[in-house]
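Below are the chains, spelled out letter by letter.
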Amino acid sequence: SALDAVEAAVNSLEDDPIFDAGTGSVLNEYGEVEMDAIIMDGKTLKSGAVAGVQCIKNPVSLARKVMDVTPHSLLVGAGANKFAEKMGIKRVRMEDLVTPAAVHELATYKQY
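The text that follows walks through the structure, step by step, so that each part is easy to find. The shown structure was predicted, so the numbers you read here are calculated from the model rather than taken from an experiment.

Each value, and the rule that gives it
- Residues numbered from 1 in each chain as written.
- Predicted model: local features only at pLDDT ≥ 70, side-chain atom pairs only at ≥ 80, totals over all residues.
- Heavy atoms only, no water.
- Helix = DSSP H or I, 4+ residues; strand = E, 2+ residues; numbered from the N terminus.
- Rg over C-alpha atoms; globule rule 2.2 N^0.38 Å.
- Buried < 20%, exposed > 50% of the residue type's maximum accessible area, 1.4 Å probe, protein only.
- Contact = heavy atoms within 4.5 Å.
- Areas by Shrake-Rupley, 256 points an atom, 1.4 Å probe, with all protein chains shown as cover.
- Lys, Arg positive; Asp, Glu negative; His and termini not counted.
- Charge placed at Lys NZ, Arg CZ, Asp CG, Glu CD.
- Pairing = 2+ DSSP bridges.
- Axes fitted to C-alpha atoms, helices over the stretch in contact; angles between N-to-C directions.
- Parallel < 35°, antiparallel > 145°, perpendicular 65-115°, else oblique.
- Nonpolar A, V, L, I, M, F, W, Y, C, P; charged D, E, K, R; others polar.
- Polar contact = N/O pair within 3.5 Å; in protein donor to acceptor, adjacent residues only side chain to side chain.

### Considerations on the overall build of the protein
Item 1. Along the protein, the regular secondary structure elements total 5 helices and 3 strands.
Item 2. Each helix and strand of the protein, placed in order from N terminus to C terminus, yields the pattern α-β-β-α-β-α-α-α.
Item 3. The C-alpha radius of gyration computed for the protein amounts to 14 Å, which stays within 12% of the reference 13 Å derived for 112 residues, consistent with globular compactness.
Item 4. Along the three orthogonal principal directions, the C-alpha set of the protein runs to about 45 × 25 × 25 Å.
Item 5. For the protein, buried positions account for 40% of its 112 residues.
Item 6. Excluding contacts between residues fewer than 6 apart, the proportion of contacts in the protein whose partners are at least 24 apart in sequence is 54%.
Item 7. Surface accessibility of the protein: about 6800 Å² in total, with carbon and sulfur atoms responsible for 57%.
Item 8. Within the protein, the 16 negative side-chain charges are centred at a point lying 8 Å from the centre of the 11 positive side-chain charges.

### Digging into the sheet that holds strand 1 (residues 35–40)
Item 1. As summarised here, the arrangement of the 3 strands in space is 1-2-3, forming an open sheet in which the pairing is mixed. Looking at which strands have only one partner, the edges of the open sheet turn out to be strand 1 and strand 3 (74–76). Between one strand and the next, the sheet's axes are offset by a mean angle of 5°, whatever the strand orientation.
Item 2. In this structure, strand 2 (residues 47–53) lies alongside strand 3, joined through 3 bridges in parallel fashion. The residue of strand 3 that forms the bridge with Val-50 is Leu-75.
Item 3. Where helix 2 (residues 59–69) meets the sheet, it contacts strand 1, strand 2 and strand 3, and its direction lies at approximately 130° from that of strand 2.
Item 4. In this fold helix 3 (residues 77–87) packs onto strand 2 and strand 3, with an angle of close to 105° to the strand it touches most, strand 3.

### What about the packing of helix 1 (residues 2–15) against helix 2?
Item 1. As a packed pair, helix 1 and helix 2 sit with axes 8 Å apart at the nearest point and diverge in direction by 150°. With respect to helix 2, the element helix 1 is oriented roughly antiparallel. In this structure, helix 1 contributes Leu-3, Asp-4, Glu-7, Val-10, Asn-11 and Glu-14 to the contact, and helix 2 contributes Pro-59, Val-60, Ser-61, Arg-64 and Met-67.
Item 2. Here the residues of the contact of helix 1 with helix 2 are counted per class, giving 5 nonpolar, 2 polar and 4 charged.

### What about the side chain of Asn-11?
Item 1. Turning to its location among the elements, Asn-11 is positioned in helix 1.
Item 2. Those residues in contact with Asn-11 that lie beyond four places of it in its chain are Asn-58, Val-60 and Ser-61.

### Observations regarding the side chain of Asn-28
Item 1. One can find Asn-28 in the loop between helix 1 and strand 1.
Item 2. The buried category is assigned to Asn-28, whose relative accessible area is 17%.
Item 3. Separated by 2.9 Å, the side chain of Asn-28 and the backbone nitrogen of Tyr-30 make a polar contact.
Item 4. If we skip the residues at most four places from it in the chain, Asn-28 touches Glu-34 and Leu-106.

This is the structure we're talking about:
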């Protein structure tokens, strides 16, 4: 389906450290990765989103699960991470999402 294609395309971007999604995300003030993602079905206008998730390899796939298996449209933070665990969404170590470029960008930001 088109929705499957969109999810796969975004997964590809999340896996590529060149982009600031998933691996290579911008770091928060504490040097941690917190990610947001949303996906929407254009036919039904149903959507799913997550915000402030950590250690999730592909946040858009978690957002898809929110859309497909819950009555909610948004899950946030610890609750979203617990939902990911329940759904078997792939988790990774925080360090696996952090790139040298992101660390450098945060260091530059902190100079000001």
